[in-house]
Amino acid sequence: PEMWYTVREFIAGGGDMPFRAHLHTVNRHRRMVRHYCFRLGLVWQGLTHELSKYSPTEFWRSAKYYQGYRSPNDQERLVNGVSLSWLHHKGRNRHHFEYWIDVSLNKEEGLVGNKMPVRYVAEMLCDRIAACEVYRGKNYTSGAPMEYYEFTKKYITIHPETRALLEKLLTILKDEGE
């Protein structure tokens, strides 16, 4: 199977350091999201957040494309034109707005974002905070998640009510902190 080829290729390429570094990054990210989810009372979501990152499909590819300062999915996309890790991930984690994209009942509209339940929007906020903290390190500020959102918002397909709630939460975070 393709996954085993990737593992062999990874090991043959001397992949011990990216393996450990990626594992550390995933564990640190999950620990931070868990902390924020627990503070919001989202205990089960905090405990189960992004467990798919440990699946062979996601983990080995992400370790292979690990860089430490941004998502390995970006590098996999750059090299292959698509990130199979991301396609797997977004289809299993409801806190990603991409999970909620589907063909509209009105076929002329094409793909649309469906409204996300509030608990997943809250988990998405926790995820964004933790991701910014992990990748920005000492340069993290409470405005970083809003900055990243502003950078990407014109490209994303998201339900208008979900967008409004996310923007409201990011604004509160930026203005008032945690």
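Data block above holds the structure.
Residue numbering note: each chain is counted from 1, following its sequence as written. Whole-chain, interface and lining totals are the exception, using all residues; otherwise, since this is a predicted model, local features are given only for residues with pLDDT of at least 70 and side-chain atom pairs are given and counted only at 80 or more. Note that the side-chain values use all heavy atoms of the structure and ignore hydrogens as well as water.

## As for the environment of Val112
Okay, so step 1: A run of DSSP states H or I qualifies as a helix once it reaches four residues; a run of E qualifies as a strand once it reaches two. Both are numbered from the N-terminal end. Within the secondary structure, Val112 is located in strand S2 (residues 111-113).
Okay, so step 2: In sequence terms Val112 and Trp100 are twelve residues apart; their C-alpha atoms lie 8.4 Å from each other.
Okay, so step 3: In this description, contact between two residues means that some pair of their heavy atoms is separated by no more than 4.5 Å. Filtering out sequence-adjacent residues up to four positions away, Val112 remains in contact with Trp100, Ile101, Asp102, Ser104 and Thr157.

## Quick word on the packing of helix H7 (residues 118-136) against helix H8 (residues 144-152)
Okay, so step 1: Between H7 and H8, whose axes approach to 9 Å, the crossing angle comes to 100°. In terms of their interaxial angle, H7 and H8 are classed as roughly perpendicular. Counted together, Arg128, Ile129, Cys132 and Arg136 of H7 and Ala144, Pro145, Glu147, Tyr148 and Tyr149 of H8 form the full contact between these two elements.
Okay, so step 2: Gly falls in the polar group here, along with every residue not listed as nonpolar (Ala, Val, Leu, Ile, Met, Phe, Trp, Tyr, Cys, Pro) or charged (Asp, Glu, Lys, Arg). Across the contact of H7 with H8, the residue classes tally to six nonpolar, no polar and three charged. What counts as an axis is a line fitted to C-alpha atoms, over the stretch in contact for a helix, and the angles between N-to-C directions run from 0 to 180 degrees. Angles below 35 degrees are treated as roughly parallel, those above 145 as roughly antiparallel, those between 65 and 115 as roughly perpendicular, and all remaining angles as oblique.

## Concerning the packing of aromatic side chains
Okay, so step 1: Aromatic rings from Phe, Tyr and Trp, with only the six-membered ring used for Trp, were paired whenever their centres fell within 6.5 Å, and each pair was classed as stacked if the ring planes differed by under 30 degrees, edge-to-face if by over 60, and tilted otherwise. For the structure on display, the rule yields five aromatic pairs.
Okay, so step 2: Residues Trp100 and Tyr120 carry aromatic rings whose centres are separated by 6.1 Å and whose planes lie at 40° to one another, so their mutual orientation is tilted. With Trp100 in the loop between helix H6 (84-90) and strand S1 (101-103) and Tyr120 in helix H7, this residue pair connects regions lying 20 residues apart in the sequence.
Okay, so step 3: Exposure remark for Trp100: the relative accessible area of 19% places this residue in the buried category.
Okay, so step 4: Taken together, the aromatic side chains of Phe19, Phe59 and Trp60 make up a single cluster linked through ring pairs. Each residue gets one of three labels from its accessible area relative to the maximum for its type: buried under 20%, exposed over 50%, partly exposed in between, using a 1.4 Å probe on protein chains only.

## Let's talk about a nonpolar patch on the surface
Okay, so step 1: What goes into a patch is any residue over 30% in relative accessible area without a salt bridge, connected to like charges within 9 Å or, for nonpolar side chains (Val, Leu, Ile, Met, Phe, Trp, Tyr), within 5 Å. Accessible areas in this description were obtained via Shrake-Rupley with a 1.4 Å probe; residue shielding takes into account the shown protein chains only. A side-chain nitrogen of Lys or Arg and a carboxyl oxygen of Asp or Glu constitute a salt bridge if their distance falls within 4 Å. A cluster of nonpolar side chains, Phe38, Val43, Trp44 and Leu47, forms an exposed patch at the surface whose accessible area comes to about 430 Å².
Okay, so step 2: At three residues, the largest contribution of residues to the nonpolar patch is made by helix H3 (residues 43-48).
Okay, so step 3: Inspection of the secondary structure puts Val43 in helix H3.

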